[in-house]
Amino acid sequence: MTADVRTEDGCRLWADQVGAGAPLVLCHGGPGIWDYLGPVARLLDGHARVIRWDQRGCGRSERRGPYTIGRFVADLDAVREHLAGPRTALLGHSWGAHLALRYAIEHPERVSHLIYVSGTGIDPERGWHPHYERNLRRRLGPHLDRWEALGGRDRTPAEERERAVLQWSADFADPDAAMTHAEDMATPWLGINHDCNRAVNAEVKRELRTYGIAARCRTLDLPVLIIDGPDDIRPRWGVDSLDKALPNCERVSLPGSGHLPWVENPHDFRRAVAAFLDAPA
């Protein structure tokens, strides 16, 4: 069931919900793209009332800023208030994992559980990133030249989609299925908001150095589940910084999966999340 959420500054956000039970709000990655977590919602709709949304400026939501972490936290709070109620579980993927974590730090009384999927941790030096860039190029393999050529020029909408599919294919462990999975992610194609991507990524880098996020994580008194795919091209040791800072955290690595573990190992993903949500908070 789709719905529009209006923020306090009047921005219209697209949202959708399925299932029944305690609420679970999903936060997609990017930044600058749309919600692609429909398969997660379908996996979990027997365990929760699953709410998805497109972040501001992205996908089916209104294309307007400002594009700041504080604004996105406030938008998530509007989704929570309109659709989830006073308290909800959160699941964030990639950039959305950071957004969900930041929301939990700001509003811990409004979060029952936090599920941090394929995030990149809180190391202020972001030491994982050079390894990610090397791994990306290596996994692109025969597609590397085309990906680089498209990146070096202005692109048509069709070329924009082509480059995204090539890049996203590197996020999967199985090379034989990677392009199919990436095509699925890009269908329907709703476009990339590069202004949003640049602004939010730059702010994430700044706040990791200045926000004191590790100290804030040490005071976060709610259960956290970190889910990783061991074949993610973002090295998973980058998340050790977060794991060590959280006082109530468990961590699961799902074999045979990369950056989107629910795609390549849906059985273990559903089992891990359902067990976590069903456990007493």
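Residues numbered from 1 in each chain as written. Predicted model: local features only at pLDDT ≥ 70, side-chain atom pairs only at ≥ 80, totals over all residues. Heavy atoms only, no water.

In the annotation of an unreviewed UniProt entry, the protein is listed under the name Alpha/beta fold hydrolase and assigned to Micromonospora aurantiaca.

A.B. asks: Mind showing me how you'd approach the pattern of salt bridges here?
C.D. replies: Between side chains of opposite charge, pairing is possible as soon as their charged atoms come close. Under the definition given, this model contains 31 salt bridges. Across the pair Asp9 and Arg71 runs a salt bridge, and its minimum N-O distance is 3.7 Å. Residue Asp9 is found in the loop between strand S1 (2-6) and strand S2 (12-18), and its partner Arg71 is found in helix H2 (residues 69-84); the two are separated by 62 residues along the sequence. Under the relative-accessibility criterion, Asp9 is labelled partly exposed at 28%. Close ionic contact of Arg234 with Asp232 constitutes a salt bridge, the shortest N to O distance being 3.0 Å. Relative accessible area serves as the criterion here: at 10%, Arg234 is assigned to the buried category. One salt-bridge network, in which partners are shared between bridges, spans Asp171, Asp228, Asp232, Arg234, Arg236, Asp240, Asp243 and Arg251. (Salt bridge = Lys/Arg side-chain N within 4 Å of Asp/Glu carboxyl O. Helix = DSSP H or I, 4+ residues; strand = E, 2+ residues; numbered from the N terminus. Buried < 20%, exposed > 50% of the residue type's maximum accessible area, 1.4 Å probe, protein only.)

A.B. asks: Help me out: how do you make sense of the packing of aromatic side chains in this one?
C.D. replies: Aromatic rings in a pair are described by how distant their centres are and how their planes are angled relative to each other. Using the criterion set out here, one finds seven aromatic pairs in the structure. With centroids separated by 6.4 Å and ring planes inclined at 10°, the aromatic side chains of Tyr36 and Trp262 adopt a geometry described as stacked. Pair noted here: Tyr36 is in the loop between strand S3 (23-27) and helix H1 (38-44) and Trp262 is in helix H11 (residues 261-264), with a separation of 226 residues, a long-range link. Accessibility assignment for this pair places Tyr36 and Trp262 in one class, buried. (Phe/Tyr/Trp six-rings, centres within 6.5 Å; stacked < 30°, edge-to-face > 60°.)

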